[in-house]
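Listed below, chain by chain, are the residues.
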Amino acid sequence: MKLNELKKTNFSKIRVGRGIGSGKGKTSGRGVKGQKSRSGVAIKSFEGGQMPLYRRLPKRGFKKFNQKRIAIINLSELQNFIKTKRIKSSDELNIKYLKEKKVIRKDSNLMKILGKGEIKEKLKVTTNFVSKSAKSKIEKAGGSINILQTKKK
């Protein structure tokens, strides 16, 4: 049998509403009155009075519309970008410069430097946040850090 051929059956379609002799006359097997007897009415997600599934499950998630997007960058990543000549160690590393060089995302509005990895070059960094280990490693390499003050609500 081919996929597009339908299997024929010996049963003909029940024609409802064609007289009492058919067994499906008058109300056409829908009972008397009520919502379910009408045409075009569907009771979606109604579970017979049982609490519907969409109401049983907990509400989850919320997106803050004024969320602070902090770009996090490790020292190892900065060292790698300097090694591959994507950024220059002589330039001042701030959020605007790193966005231009596509090191951090455009939608981030704050920046934090973390101390994972080692830094060998002398860097001049301007950032919003810095970890203690990152600060000590940059200063040990002969660089300087300028921390910007962020507004508090």
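In this numbering scheme, every chain counts its residues from 1 along its sequence in written order. With the structure being a predicted model, the display of local features is reserved for residues of pLDDT at least 70 and the display and counting of side-chain atom pairs for 80 or more, all residues being used for whole-chain, interface and lining totals. Water and hydrogen atoms were dropped before computing side-chain values, which therefore reflect all heavy atoms in the structure.

## Some points on the overall build of the protein
Thinking step 1. When helices and strands are counted, the protein shows four helices and six strands.
Thinking step 2. Each helix is a run of DSSP H or I of at least 4 residues and each strand a run of E of at least 2, with the numbering of both proceeding from the N terminus. Shown N-terminal to C-terminal, the secondary structure of the protein runs as helices and strands in the order α-β-α-β-α-β-β-β-α-β.
Thinking step 3. Its C-alpha atoms give the protein a radius of gyration of 35 Å, more than 25% over the compact-globule value 15 Å for 153 residues.
Thinking step 4. Residues classed as buried in the protein amount to 23% of the 153 residues present. Throughout, radius of gyration means the C-alpha value; the globule benchmark is 2.2 Å times the number of residues raised to the power 0.38. The classification of residues rests on relative accessible area computed with a 1.4 Å probe and restricted to protein chains. Under 20% of the type maximum is buried, over 50% is exposed, and intermediate values are partly exposed.

## Considerations on the environment of Gly143
Thinking step 1. Within the secondary structure, Gly143 is located in the loop between α4 (132-140) and β6 (144-147).
Thinking step 2. Taking the C-alpha atoms as reference points, Gly143 and Ile70, 73 residues apart in sequence, are found 23 Å from one another.
Thinking step 3. When neighbours within four sequence positions are excluded, Gly143 is seen to be in contact with Lys122, Leu123 and Ile138. Should any heavy atoms of two residues lie within 4.5 Å, those residues are counted as being in contact.

## Quick look at the sheet that holds strand β4 (residues 124-127)
Thinking step 1. When DSSP finds at least two bridges between two strands, those strands are taken to pair. On the basis of which strands lie adjacent, the open sheet formed by three strands has the order β2-β4-β6 and parallel pairing. Only two strands of the sheet have a single partner each, and these edge strands are β2 (92-93) and β6.
Thinking step 2. Sheet analysis places β4 next to β6, joined by four bridges and oriented parallel. Paired with Thr127 across the two strands is Ile147, which belongs to β6.

Limitation: the analysis is restricted to geometry and does not speak to function.
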